[in-house]
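# What the coordinates show
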Amino acid sequence: TIHEQGLVSILKQLHDELDAAVAEAYGWPVDLADEALLEKLVDLNRQRAREEEQGLVRWLRPDYQNPAGSRDAAQQALPEAEDDDAPAAVRAALSRQSAPVSAKELKEQFKNAREPKVREILAALAALASIGQAREMEDGRYVS
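In this report, the structure presented in the accompanying data block is examined. No experiment lies behind these values; they were computed from the predicted model shown.

Attention now goes to helix H5 (residues 85-95). Within H5 the residues assigned to the buried category are Ala86, Ala89, Val90, Ala93 and Leu94. One side of H5 carries all its buried residues, which in axial view fall inside an arc of 135°. Against the buried residues of H5 lie helix H6 (103-107), strand S2 (110-111), helix H7 (115-127) and strand S4 (142-143).

Rendered as structure tokens:
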């Protein structure tokens with residue numbers, strides 16, 4: 001009687017269907033033992049943590065987690081100053097802008113970037129304007 005009143009069999013069926021749907025979504029066998037399932041989840045968590053350390057963020061709900069959509073889904077750290085990739089990274093970020101941006105606005109495209117460093121790179125790119133790297137506007141903003 002308790003079993004029927006509590007609809008336990010319906011609840012178990014719904015849990016089984018949910019487990020099967022999740023396994024299918026991850027491409028895992030439906031009949032994984034609990035220990036194997038936990039191992040797969042731990043491995044997946046490690047993989048995601050490594051990706052996030054490298055700046056790759058997989059938004060689950062972009063409209064909620066990244067409503068402005070102003071940053072790339074895979075926001076990268078700005079390379080160190082002595083690295084030749086820093087100017088290239090700033091140049092690439094600048095070329096993706098549809099309107100002039102300030103160093104402060106552009107630094108937001110990078111994880112842990114400092115505005116003075118971005119400003120310095122932009123100024124160097126502007127000095128190279130004769131070869132088309134960047135152009136400084138009168139108001140201090142830059143365009144590609």
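Picking up where we left off.
Now for a nonpolar patch on the surface. A contiguous nonpolar surface patch, about 270 Å² in accessible area, is contributed by Leu7, Ile10 and Leu14. With respect to the element layout, leucine 14 can be found in helix H2 (residues 8-26).

What the second largest pocket holds in volume is close to 220 Å³. Considering the residues around the second largest pocket, the lining is formed by 13 residues, among which Asp19, Ala23, Val30, Leu32 and Leu37 are closest to the centre. Looking at the lining of the second largest pocket, the elements that each hand over two or more residues are H2 and helix H3 (34-53). Broken down by class, the residue content of the lining of the second largest pocket amounts to ten nonpolar, no polar and three charged.

With their axes 10 Å apart at the nearest point, H5 and H7 run at an angle of 85° to one another. Taken together, H5 and H7 sit at an angle that is classed as roughly perpendicular. Residues Ala86, Pro87, Val90, Arg91 and Leu94 of H5 form the contact with H7, whose participating residues are Lys117, Ile121, Leu122 and Leu125. Here the residues of the contact of H5 with H7 are counted per class, giving seven nonpolar, no polar and two charged.

As a further point, take the pattern of salt bridges. Using the criterion set out here, one finds three salt bridges in the structure. Where aspartate 16 meets lysine 12, a salt bridge forms, and the shortest distance between an N and an O atom there is 2.8 Å. Placement of both aspartate 16 and lysine 12 in helix H2 is noted, with a separation of four residues, approximately one turn of the helix. Note on aspartate 16: relative accessible area 38%, which makes it partly exposed. Residues arginine 46 and aspartate 43 are paired through a salt bridge, measuring 3.5 Å at the closest nitrogen-oxygen approach. Remark: aspartate 43 and arginine 46 occur in helix H3; sequence separation between them is three residues, near one turn of the helix. What makes aspartate 43 partly exposed here is its relative accessible area of 45%.

Rules used throughout
- Residues numbered from 1 in each chain as written.
- Predicted model: local features only at pLDDT ≥ 70, side-chain atom pairs only at ≥ 80, totals over all residues.
- Heavy atoms only, no water.
- Buried < 20%, exposed > 50% of the residue type's maximum accessible area, 1.4 Å probe, protein only.
- Helix = DSSP H or I, 4+ residues; strand = E, 2+ residues; numbered from the N terminus.
- Arc of directions from axis to C-beta.
- Contact = heavy atoms within 4.5 Å.
- Patch = residues over 30% accessible without salt bridge, like charges linked within 9 Å, V, L, I, M, F, W, Y side chains within 5 Å.
- Areas by Shrake-Rupley, 256 points an atom, 1.4 Å probe, with all protein chains shown as cover.
- Salt bridge = Lys/Arg side-chain N within 4 Å of Asp/Glu carboxyl O.
- 1 Å grid on protein atoms, 1.4 Å probe; cavity = no way out; pocket = protein on both sides within 12 Å on 5 of 7 lines; lining within 4 Å.
- Points joined across faces, edges and corners; volume = space filled by probe spheres on them.
- Nonpolar A, V, L, I, M, F, W, Y, C, P; charged D, E, K, R; others polar.
- Axes fitted to C-alpha atoms, helices over the stretch in contact; angles between N-to-C directions.
- Parallel < 35°, antiparallel > 145°, perpendicular 65-115°, else oblique.

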